[in-house]
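Structure at a glance
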Amino acid sequence: MKLFNRKYLGSIVAAAVFAAGLSTAKADNWKYAFEEALTEVQGVYATKFKEEIEKNSDHKVQLYPYGTLGESADIMEQAQAGILQFVDQSPGFTGSLIPEAQIFFVPYLLPTDTKQLNNFFRDSKAIHRDFKKLYAAQNLELLTMFPEGEVVMTTKEELRGPADLNEVKFRVMTNPLLVESYKAFGATPTPLPWGEVYGALQTNIIQGQENPTSFVESTKLYEVTNVITFAGHNNFTTAVMANKEFFDGLSNADKKVVQDATKIAFEYILDYQKGLEKTAIEKIKKAKPGMKVNVLTQEERAPFKASAGIVEAKFIEMTGDSGKAILEQMKADLKAAKN
Ligand code: 6CS
């Protein structure tokens, strides 16, 4: 008995081949490097991103935490060259590649209010339109930027005002505007890659540094400094990018998988950080009861705030019309983020 005619059999075979193709083709391994440990904020974000990609596609994401592929500058080079598909590099280091990214080091530009800050990162045109273009010119698809917590200064000696920073060699990330910012604060800024910070504090080559409290706790920076100072001058911004050629070459479906994973991980990391600062301070106090934690009064903050104008002017001097436009947009975005 003839069960199938030739045409019918042909279409069954074609459907089977198509289905097989759908399930097996294009299962890629994507590499994603970041500047922190797996359990720190960038690592938690990356883990969520990986989970989402792997849940919604056949692709796998291999995570490379800090140190496994080198310093921040190394992973950026690898991402631009297409050796890595994804990279998390903070503007503190990207400033040398994209000068406008230094905008995140104009003191007191970002608010201390978490709701406004999160709204800003979620909706900012400066980030999602203007910076997207600037990163694209460096073969990078900017996926997101997110905050990692209020930046505190940790020093050997008590710090109540700019006079206390006189002759203090203060480590900053490697961007020229941050150097200007700490000059304006009265310190002697010392740009260093992350890997040298603990040792330089231990050997007294430097006497201060700045970072979010959760990072101060996880990296045990409190062991080599004595005072934590909240001056409200900044929040630590980081950015996640894809190699642009790689991203442009993805199917529309895969682009959507990446964009959806980015959005879900963004909301996840904001939520994850609720209460993180408080817990970090508690852990530090437990590990080192003698550690001083000072929250500067508005009066004590005033001389630091007064330097913001000088740093803003330096930023415009360094970046020209492009920087000026992005600064204006950012201020408008920050205003809109208040609602
Ligand atoms: O201070 C730094 O260099 C490091 N700080 C943080 C919060 N993340 C990575 C960066 O390398």
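What you see is a predicted model, and the numbers here were worked out from it, not measured in a lab.

Enumeration over the complete set of coordinates arrives at three cavities of 30 Å³ or more. Its boundaries defined by the atoms lining it, the largest cavity holds a volume of some 130 Å³. Around the largest cavity sit 16 residues that line it, and Glu35, Phe93, Trp194, Phe215 and Phe236 are the ones nearest its centre. Put simply, the second largest cavity is a space of about 40 Å³. Ranked by residue count, the leading element in the lining of the second largest cavity is strand β9 (residues 235-243), at three residues. Across the lining of the second largest cavity, the residue classes tally to four nonpolar, four polar and one charged.

To continue, consider the nonpolar core. With 80 residues, the main nonpolar core has Tyr32, Phe104 and Tyr135 as its most contacted residues. If you look at the next biggest cluster of nonpolar residues, it comprises 17 residues, including Ala200, Leu221, Ile228 and Met291.

Applying the stated criterion across every chain, the model contains 17 aromatic pairs. Seen in terms of ring centroids, Tyr32 and Phe34 are 6.0 Å apart; in terms of plane orientation they differ by 85°. Their pairing is edge-to-face. The residues Tyr32 and Phe34 share a single accessibility class, namely buried. Ring centres 6.5 Å apart and planes at 20° place the aromatic pair Tyr45 and Phe49 in the stacked group. Here Phe49 and Tyr45 lie together in helix α2 (residues 41-56), a separation of four residues that amounts to about one turn. Like Phe49, Tyr45 is buried. Within the aromatic cluster, the residues linked to one another by ring pairs are Trp30, Tyr32, Phe34, Tyr45, Phe49, Phe86, Phe146 and Phe246.

Glancing now at the site of the ligand. The local shell around the ligand consists of Glu35, Glu36, Phe93, Glu148, Arg171, Met173, Trp194, Asn211, Pro212, Phe215 and Phe236. Within the side chain of Glu36, a nitrogen or oxygen atom sits 2.7 Å from a nitrogen atom of the ligand. Residue Asn211 places a side-chain N or O atom 2.9 Å away from a nitrogen atom belonging to the ligand. Taking 300 Å² as the accessible area of the ligand by itself, protein coverage stands at 99%. Applying the majority rule of atoms within 2 Å of the grid points places the ligand in the largest cavity. When its residues are assigned to classes, the shell around the ligand shows six nonpolar, one polar and four charged.

Below, the discussion takes up the pattern of salt bridges. This model, assessed by the stated rule, comprises 17 salt bridges. For the salt bridge of Glu141 with Lys244, the shortest nitrogen-to-oxygen distance reads 3.7 Å. Here Lys244 lies in helix α10 (residues 244-248) and Glu141 lies in strand β4 (residues 140-155), a separation of 103 residues in the sequence. A salt bridge links Lys244 to Asp248; the shortest N-O distance between them is 3.1 Å. Of the two residues, Lys244 and Asp248 are both situated in helix α10; the distance of four residues between them amounts to about one turn of the helix. Put simply, Lys132, Glu141, Lys244 and Asp248 are held in one network by salt bridges that share partners.

Calculation notes
Residues numbered from 1 in each chain as written. Predicted model: local features only at pLDDT ≥ 70, side-chain atom pairs only at ≥ 80, totals over all residues. Heavy atoms only, no water. 1 Å grid on protein atoms, 1.4 Å probe; cavity = no way out; pocket = protein on both sides within 12 Å on 5 of 7 lines; lining within 4 Å. Points joined across faces, edges and corners; volume = space filled by probe spheres on them. Helix = DSSP H or I, 4+ residues; strand = E, 2+ residues; numbered from the N terminus. Nonpolar A, V, L, I, M, F, W, Y, C, P; charged D, E, K, R; others polar. Core = buried A, V, L, I, M, F, W, Y, C linked by side-chain atoms within 4.5 Å. Buried < 20%, exposed > 50% of the residue type's maximum accessible area, 1.4 Å probe, protein only. Phe/Tyr/Trp six-rings, centres within 6.5 Å; stacked < 30°, edge-to-face > 60°. Near = heavy atom within 4 Å. Polar contact = N/O pair within 3.5 Å; in protein donor to acceptor, adjacent residues only side chain to side chain. Areas by Shrake-Rupley, 256 points an atom, 1.4 Å probe, with all protein chains shown as cover. Sits in = over half its atoms within 2 Å of the grid points. Salt bridge = Lys/Arg side-chain N within 4 Å of Asp/Glu carboxyl O.

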